[in-house]
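Descriptive structure summary
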Amino acid sequence: MRRYFNTEGWCKPDRHYMVRLDERLDRIKRLYVDKGKYFIINRGRQYGKTTTLKALAEYLKDDYIMIAMDFQLMSNANFADEQTFVIKFINYMEDLFSEQEMFREKMDAEAFNNLIFLKEKEEVSIDMLFRGLSKLCGASEKPIVMIIDEVDSVSNNQVFIDFLAMLRGYYLGREEKAAFHSVILAAVYDIKNLKLKIRSDKEHRYNSPWNIAAKFNIDMFFDANQICSMLEEYETDHQTGMNIKTVAEEIYQYTSGYPYLVSAVCKYLDEEVPGKKGYENNMTVWSPRGVAEAVKILLNEKSPLFDSMAKQLDAYKDLRNLIEEILYQGKRIPFSPDAASVDMGCMFGFLKEKDGQVVMANRIFEMRMLNKFITEEALKRNDID
């Protein structure tokens, strides 16, 4: 199968042109998993979280027993109450047990069967689930690492908050009772904001059940050299004659290495720009001018990332006002993660810190938002007139 630049779902090295993640995976393993840390990868939409988690589960499987779940595959009804959740959770693990040979070989069969037996009881609760999981962790041949993707999908559910609280309790008491060696969650929202969705009063804003989590400091942007390495693989297959370093640096200038935007620009260079007037050959396509044309196409396209961006700007007025001040007035705003709008903008990937100031995360977001604001203001003036 011909490899291509993927912007739909997670990337696979054998099917897609992508930045190799080996260095990132090694750092996550050494700095977090090997040390038994619990942490969350909270980054903006289409930031490469799922791709990283999939690759990480594969990378760790020789040293750990991996339980990798995706809460998108569990409906809201599965979180209706504790009993329903526990049964669905065990069903999910049972499916993993039946599908993955390595999971079966390294997991203690008796402890796992006892966990499954919980489904037969008339009443089960999250604490009963965790007692069973603790026995499973204690009896297993290798340490168990749990990965849960898309926790945003159930973040407004009290059962999930109770699940997090139980994880926290076993983490704090793991010297006395066996627990997961490491737990990795992935979401857009920081876990401290998950509690906020359920309890809106300010007293509980930062009262998170996940306050034992280590801060995740791994940079998930791609630098120009990493983009170069991806383009080298493309050039080997297609022989365009491009100046790889020049094109990679130009892509970086527009995207600042935001994973989806890098892939999207490359996708348009590969699929949309060729054949347009002035771009009749590969040398003109894969050039700084071609990159600008690909960005132009991207800025005029609908996409889940831009739809989410517009939704967040409309939902969080303080964040929108902050960005308008930066874009329209050129205000220099000192960076502080304690300022709610700044923290929100960085969480969504719209903003970042540079030299102590709050700045736009990349030129593409800057142009897309500016276009949105200008168009909305023009429409509003027309209504008034």
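What counts, and where the lines are drawn
All residue numbers refer to position in the chain's written sequence, counted from 1. Residues qualify for local features only when their pLDDT is at least 70, as the model is predicted, and side-chain atom pairs are given and counted only at 80 or more; totals for whole chains, interfaces and linings, by contrast, use all residues. By convention in this description, side-chain values take in all heavy atoms of the structure and omit both hydrogens and water. Here a helix means four or more residues in a row that DSSP labels H or I, a strand means two or more in a row labelled E, and each is numbered from the N terminus. For a compact globule the rule gives 2.2 Å times the number of residues to the power 0.38, and the radius of gyration it is set against comes from C-alpha atoms. In this scheme, a residue with accessible area under 20% of its type's maximum is buried, one over 50% is exposed, and one in between is partly exposed, where area comes from a 1.4 Å probe on protein chains only. The contact criterion used throughout is that any non-hydrogen atoms of two residues lie within 4.5 Å. The method behind every accessible area is Shrake-Rupley, applied with a 1.4 Å probe, and residues are considered shielded solely by the protein chains displayed. His is not counted here, nor are the chain ends, while Lys and Arg score as positive and Asp and Glu score as negative. A charged residue contributes its charge at one atom only: NZ of Lys, CZ of Arg, CG of Asp or CD of Glu. Take a side-chain nitrogen of Lys or Arg and a carboxyl oxygen of Asp or Glu: if they are within 4 Å of each other, that pair is a salt bridge. For Phe, Tyr and Trp, where Trp contributes only its six-membered ring, two rings pair if their centres lie within 6.5 Å, and the inter-plane angle classes them as stacked under 30 degrees, edge-to-face over 60, or tilted in between. Between any two strands, pairing holds if DSSP finds at least two bridges. We call a set of buried residues a nonpolar core when its members are Ala, Val, Leu, Ile, Met, Phe, Trp, Tyr or Cys and they connect through side-chain atoms within 4.5 Å of each other. For a helix, the expected span equals 1.5 Å multiplied by the residue count minus one. Along the arc lie the directions from the helix axis toward the C-beta atoms.

1. Focus on the overall build of the chain
The number of helices and strands found in the chain is 17 helices and six strands. Over its C-alpha atoms the chain spans a radius of gyration of 23 Å, differing by no more than 12% from the 21 Å that the globule rule assigns to 385 residues. The proportion of buried residues among the 385 residues of the chain is 50%. Pairs at least 24 residues apart make up 73% of the contacts formed inside the chain by residues separated by at least 6 positions. Total accessible area on the chain is roughly 18,700 Å²; 46% of this is exposed by carbon and sulfur atoms. In the chain, the 53 positive side-chain charges and the 61 negative ones have mean positions that sit 3 Å from each other.

2. Some words on the pattern of salt bridges
What the rule picks out here adds up to 20 salt bridges. Between Arg2 and Asp270 there is a salt bridge, with the nearest N and O atoms lying 3.3 Å from each other. Taken as a pair, Arg2 in the segment before helix H1 (22–33) and Asp270 in helix H11 (residues 259–271) lie far apart in primary sequence, 268 residues in all. We classify Asp270 as buried; its relative accessible area is 13%. Close ionic contact of Glu233 with Arg3 constitutes a salt bridge, the shortest N to O distance being 2.9 Å. Of this pair, Glu233 sits in helix H9 (residues 224–238) while Arg3 sits in the segment before H1; the two residues are 230 residues apart in sequence, bridging distant segments of the chain. Looking at Arg3, the relative accessible area reads 17%, which means it is buried. Each member of the salt-bridge network shares a partner with another, and the members are Asp314, Arg320, Glu324, Lys372 and Glu376.

3. Things to note about the packing of aromatic side chains
Per the counting criterion, the structure on display carries 28 aromatic pairs. Ring centres of Phe160 and Phe163 lie 6.3 Å apart, and the angle between their planes is 25°; on these two criteria the pair is classed as stacked. Taken together, the residues Phe160 and Phe163, both in helix H7 (residues 158–172) and three residues apart, mark about one turn of the helix. Look at Phe163 and you get buried, because its relative accessible area is 0%.

4. What to know about the pairing of strand E6 (residues 357–360)
Strand direction decides the pairing type here: strand E5 (residues 351–354) and E6, joined by four bridges, are antiparallel. Along E6, the bridge assignment pairs Glu353 with Val358.

5. As for the nonpolar core
Leu231, Ile251, Ile323, Phe365 and Met369 are the most contacted members of the largest nonpolar core, which totals 83 residues. The leading source of residues in this core is H11, at eight residues. Leu231 has contacts with Met242, Ile244, Val247, Ala248, Ile251, Cys266 and Trp286, leaving out every residue within four places of it along the chain. Counting residues in each nonpolar core, the second largest holds 48 residues, with Met69, Met93, Phe97 and Val124 among its members.

6. Looking at helix H14 (residues 304–315)
Residues three or four positions apart in an α-helix share a direction because the helix packs 3.6 residues into each turn. In a regular helix each residue adds 1.5 Å, so twelve residues correspond to 16 Å; H14 covers 16 Å between its end C-alpha atoms and thus fits that length. Inspection of H14 places Leu305, Phe306, Ser308, Met309, Gln312 and Leu313 among the buried residues, and these make up the whole buried set. Seen from one end, H14 has its buried residues packed into an arc of 155°, which puts them on one side. Of the exposed residues in H14, the ones pointing more than 90 degrees away from its buried face are Pro304, Lys311 and Ala315.

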